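Residue-level listing of the chains:
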Amino acid sequence: PLQSLWANNTVHLLGGVINSAGTTVSNGTTFTVGDGTQFAQFNAVSGAHFFSNGVNTALLISSNAWLTGLGTITAANGIVLTNGGHLSAGLATNGIGILTLNTVNGQNGAIIDVQISSLLGSAGLSWDLLNVNGTITNNTSGGINTNFLIRMDSMGQTLAYSPTAGYSLRIATF
């Protein structure tokens, strides 16, 4: 079930799925997807999505939560992926598409999921593409660089893969 908590003008999607064709959050606070335990997903079905109007405004994707979709997502302080937070272009957790973001900041263990239906097609049609207009950064804690995990999923398809061929799939631009 979809759960929402309204406290002090904040919105938290604790669990469940929000499918949105256009979003504007302008209360100056961070919009949080997930409580770190149960599955939660913000799915940008299409259109433009804005999380703005404040110094501390961001879109925070918690552990076990997903940010998925098509269209453009802009957050004043970027999209923040925590350890175990997922980012994936395309509708739902297994669709293919192009998702445009302004800035992505990942913490150690943040996951970028890329679905692939063919090695011979093009970005956005045969595999996911993240188009980041700003930067993709990883959080450094105590001077230690952290890592994104990139997970590629063939979606159960048998890809026409040849071990002697070379493949180059652009999965992100930034």
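Criteria and cut-off values
Residues numbered from 1 in each chain as written. Predicted model: local features only at pLDDT ≥ 70, side-chain atom pairs only at ≥ 80, totals over all residues. Heavy atoms only, no water. Helix = DSSP H or I, 4+ residues; strand = E, 2+ residues; numbered from the N terminus. Buried < 20%, exposed > 50% of the residue type's maximum accessible area, 1.4 Å probe, protein only. Areas by Shrake-Rupley, 256 points an atom, 1.4 Å probe, with all protein chains shown as cover. Pairing = 2+ DSSP bridges. Phe/Tyr/Trp six-rings, centres within 6.5 Å; stacked < 30°, edge-to-face > 60°. Salt bridge = Lys/Arg side-chain N within 4 Å of Asp/Glu carboxyl O. Patch = residues over 30% accessible without salt bridge, like charges linked within 9 Å, V, L, I, M, F, W, Y side chains within 5 Å. Contact = heavy atoms within 4.5 Å. pLDDT = per-residue confidence, 0-100.

What to know about the overall build of the protein chain
Then, number 1: Scanning the protein chain from terminus to terminus reveals 0 helices and 20 strands.
Then, number 2: Counting every position in the protein chain, which comprises 174 residues, the buried fraction comes to 41%.
Then, number 3: Of the roughly 8,400 Å² of accessible surface on the protein chain, a fraction of 53% belongs to carbon and sulfur atoms.

Here we look at the sheet that holds strand S12 (residues 98-101)
Then, number 1: One open sheet holds the 6 strands; their spatial order is S3-S6-S9-S12-S15-S20, and the pairing between them is parallel. Two strands lie at the open edges of the sheet, namely strand S3 (23-25) and strand S20 (172-173), each paired on one side alone.
Then, number 2: In terms of strand pairing, S12 meets strand S15 (residues 129-132) through 4 bridges, oriented parallel. When the bridges of S15 are listed, leucine 101 appears paired with valine 132.

Brief notes about the pairing of strand S8 (residues 65-69)
Then, number 1: The buried count for S8 comes to 5 of 5 residues, which makes it a mostly enclosed element.
Then, number 2: Taking every second residue as pointing to the same face, both faces of S8 are buried, with Ala65, Leu67 and Gly69 on one and Trp66 and Thr68 on the other.
Then, number 3: Alignment of strand S5 (residues 40-44) against S8, held across 5 bridges, turns out to be parallel. Each residue of the ladder has a partner; that of alanine 40, found in S8, is alanine 65.

Section: the packing of aromatic side chains
Then, number 1: By the definition in use, this model includes 3 aromatic pairs.
Then, number 2: Between the aromatic rings of phenylalanine 31 and phenylalanine 51, the centroid separation amounts to 5.5 Å while the plane-to-plane angle is 50 degrees, which identifies the pairing as tilted. Highlighted residues: phenylalanine 31 in strand S4 (residues 31-33) and phenylalanine 51 in strand S6 (residues 48-51), separated in sequence by 20 residues.
Then, number 3: Owing to a relative accessible area of 6%, phenylalanine 31 belongs among the buried residues under this scheme.

Quick word on the pattern of salt bridges
Then, number 1: Counted by the stated rule, this structure contains 1 salt bridge.
Then, number 2: The salt bridge partner of aspartate 113 is arginine 151, with a shortest N-O separation of 2.7 Å. Of this pair, aspartate 113 sits in strand S14 (residues 110-115) while arginine 151 is found in strand S19 (residues 148-153), placing the two residues 38 residues apart along the sequence.
Then, number 3: Relative accessible area serves as the criterion here: at 3%, aspartate 113 is assigned to the buried category.

So, a nonpolar patch on the surface
Then, number 1: A cluster of nonpolar side chains, namely Leu120, Tyr161 and Tyr167, defines an oily patch on the protein surface of about 350 Å² accessible area.
Then, number 2: With respect to the helices and strands, the residue tyrosine 167 is situated in the loop between S19 and S20.

Details of the side chain of serine 126
Then, number 1: By the secondary structure assignment, serine 126 is in the loop between S14 and S15.
Then, number 2: The contact partners of serine 126, leaving out residues within four places of it in the chain, are Ile96, Gln115, Ile116, Ser117, Ser118 and Gly121.

Digging into the confidence of the model for the protein chain
Then, number 1: Put simply, the protein chain has an average pLDDT of 87, and 88% of its residues get 70 or more.
Then, number 2: Segment residues 1-7 is flagged for pLDDT under 50; beyond a separation of four residues in sequence, or across chains, it makes 18 contacts in the model.

What to know about the environment of leucine 60
Then, number 1: With respect to the element layout, leucine 60 can be found in strand S7 (residues 59-61).
Then, number 2: Accessibility expressed as a relative area gives 23% for leucine 60, which makes it partly exposed.
Then, number 3: Put simply, leucine 60 and leucine 81 are 21 residues apart on the chain and 6.2 Å apart in space, counted from C-alpha to C-alpha.
Then, number 4: If we ignore the near neighbours within four places in the chain, the residues touching leucine 60 are Thr30, Phe31, Thr32, Val33, Val80 and Thr82.

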